[in-house]
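For reference, the chains in residue letters:
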Amino acid sequence: MRRTVGAMAVACALVAAIAVTNAGAAGKTAVIKTKGGDTFAPNPKNPPNKLDINHLQWAPGKIVVHSGEKLTIVDSDGEGDPHVLAIALPKDLPKTPNLGPNNLVIRMIAPKLLINPQNPQAGFKAYESNAGPDGLNQEGDSLVILPGGPHKTATWFVSAKAGTTLRYFCAVHPWMQGIIKVVR
Ligand SMILES: [Cu+2]
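Residues numbered from 1 in each chain as written. Predicted model: local features only at pLDDT ≥ 70, side-chain atom pairs only at ≥ 80, totals over all residues.

**A short note on the sheet that holds strand β3 (residues 83-88)**
Part 1: Taken together, six strands build an open sheet; the order of strands is β1-β8-β7-β3-β5-β4 and the sheet is mixed. The open sheet is flanked by β1 (62-66) and β4 (128-129), the only strands paired with a single partner.
Part 2: Bridge analysis of strand β7 (residues 165-170) against strand β8 (residues 177-183) gives five bridges, and the strand direction is antiparallel. By the bridge assignment, F169 is partnered in β8 with Q177.
Part 3: Its contacts with the sheet place helix α2 (residues 104-113) against β3, β4 and β5 (142-145), and it is angled at close to 135 degrees to β3. (Pairing = 2+ DSSP bridges. Helix = DSSP H or I, 4+ residues; strand = E, 2+ residues; numbered from the N terminus. Contact = placed C-beta atoms within 7 Å. Axes fitted to C-alpha atoms, helices over the stretch in contact; angles between N-to-C directions.)

Here's what the structure looks like:
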């Protein structure tokens, strides 16, 4: 998120610079267009690029765990952003890189995890949220990891029954999506 803010600041500075340039170049018009068409790929396979948070992904994207087994997640990408692993039903998985405020899982976990749900930059007040029985088993269960300090890793146990497939995404980077296959 910090990177996004940085990118926006750069973009604003760019617009300001072009505006100044225009003032001095009579008759010329500089144009900035937005561009669409990028394909949305959940947990993209492209090799992680340290300069582009859009390449952030969970590795592995698909993991098999035994019911009752512990699962540890680690913030190891060096980008400086927090990550929130949030269990979701398939219908609630983000389908674009932008997360709408109406995403059900976000509405479930934001009040539990964030100091101020209106301002995610204010930080976290909790590092896990539990929606049903203890452990990772259903939509709304989530874990937070930070780039450094005691919350660089988070561990919880997977309490979903064998045969369950849990899907999850990152509440900070919606394209980071993955699958936990629970076996006996
Ligand atoms: Cu993330």
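**Focus on the pairing of β5**
Part 1: Along β5, one buried face is formed by S142 and V144 and the opposite face, lined by L143 and I145, is buried too.
Part 2: Where β3 lies against β5, four bridges are found, and the strand directions are antiparallel. In the sheet register, H83 faces β5, and the bridge partner there is I145.
Part 3: Where β4 lies against β5, two bridges are found, and the strand directions are antiparallel. Bridging from a neighbouring strand, S129 pairs with S142 of β5. (Buried ≥ 20, exposed ≤ 12 C-beta atoms within 10 Å, placed from the backbone.)

Keep in mind that these numbers describe shape and distance, not what the molecule does.
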